[in-house]
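Survey of secondary and tertiary structure
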Amino acid sequence: MANSEPGHIVKSYEQELNQLRALMARMGGLVENQTAHAISAIIDHNADSAQMAMEQDPEVDALEREVEARAIKLLALRAPMAQDLREIVSALKVTSDLERIGDYAANVAKRSLRLGPASLDISLGGLRNMGRLVQESLRLAIDALGQNDAGKALDVWRSDKAIDEIYTAMFRELVTYMMEDPRNIGACTHLLFIAKNLERIGDHATNIAERVHYSVTGEMLPASRPKGGGSSGFVSDGVTP
């Protein structure tokens, strides 16, 4: 009976790790869906999508708490080593990034509901392109997380530059709209915050990619990420005033 105990412990440990991975995959999928709804809310003027993005936020928060509890339990009771240790510690950090992405998506959805008729005269081409790139980056980051794929993580890390460049171009375009016609100021202000929230979603997707790369390889990516477009000077903490 004693000889079978180590095998039972190993099997139980693997089950607990797989449960943690399943929760992370569920949380990642939910946040990806929430972000898609938020982008549809602004691009398609879809109030139902906005509502869905906001309603998913509490579920994301609950999953964050569950992942944290399971990860801490594994660290305390199983004393994981090497890659398992890196994976569990990374899970604690990734879940925070996913929760913040959910918050930003909910903020985008809320802002979309505040846009008035004036926004219909403002080109959303840049925002549409930015939304597409952010969704692609987030999807790839979540795939890298689920597959422990350092190569995909590296692709996400490199894509951050393109998102920054579109954000900077959008900032300049929206400021021009405001200068040309003061009636655009309200709508453009909301669109600036929306663009910043999307840019922050891209940043957190890159954070996830960095953590996946470290978890798989044991090597940190350079602290200085590829950046593009320079600084626009517009800062938001992602919290809707």
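Here the structure is shown first, and the text comes after it.
Residues numbered from 1 in each chain as written. Predicted model: local features only at pLDDT ≥ 70, side-chain atom pairs only at ≥ 80, totals over all residues. Heavy atoms only, no water.

1. Digging into the pattern of salt bridges
Note the cut-off: Salt bridge, as used here: a side-chain nitrogen of Lys or Arg that lies within 4 Å of a carboxyl oxygen of Asp or Glu. A helix here means a DSSP run of H or I that spans at least four residues, while a strand means a run of E at least two residues long, and both kinds are numbered starting from the N terminus. Each residue's exposure class comes from its accessible area (1.4 Å probe, protein chains only) as a fraction of the maximum for that residue type: buried when under 20%, exposed when over 50%, partly exposed otherwise.
For the structure shown, the criterion picks out eleven salt bridges. Glutamate 66 is the salt-bridge partner of arginine 70, the closest N and O atoms lying 3.7 Å from each other. Of this pair, arginine 70 and glutamate 66 both sit in helix H3 (residues 57-78), four residues apart, which is roughly one turn of that helix. For arginine 70, a relative accessible area of 32% translates into the label partly exposed. Here aspartate 97 makes a salt bridge to arginine 211, at a shortest N to O gap of 2.8 Å. Taken together, the residues aspartate 97 in helix H4 (residues 82-114) and arginine 211 in helix H7 (residues 185-217) connect sequence positions 114 residues apart.

2. Overview of the nonpolar core
As a rule of thumb, soluble globular proteins bury nonpolar side chains together. Put simply, the rule is: Throughout this description, the term nonpolar core refers to a set of buried Ala, Val, Leu, Ile, Met, Phe, Trp, Tyr and Cys residues connected via side-chain atoms within 4.5 Å. The contact definition used throughout considers only heavy atoms, calling two residues in contact when any of these lie within 4.5 Å.
With 64 residues, the main nonpolar core has Ile42, Leu127, Met130, Leu174, Leu191, Ile194 and Leu198 as its most contacted residues. It is helix H1 (residues 5-43) that contributes the most residues to this core, 13 residues altogether. When residues no more than four places from it in sequence are discounted, the contact partners of leucine 127 are Ile42, Ile43, Met170, Leu191, Ile194, Ala195 and Leu198.

3. Comments concerning the environment of serine 96
Turning to its location among the elements, serine 96 is positioned in helix H4. For serine 96, a relative accessible area of 33% translates into the label partly exposed. The spacing of serine 96 and histidine 204 is 108 residues in sequence and 9.2 Å in space, taken between C-alpha atoms.

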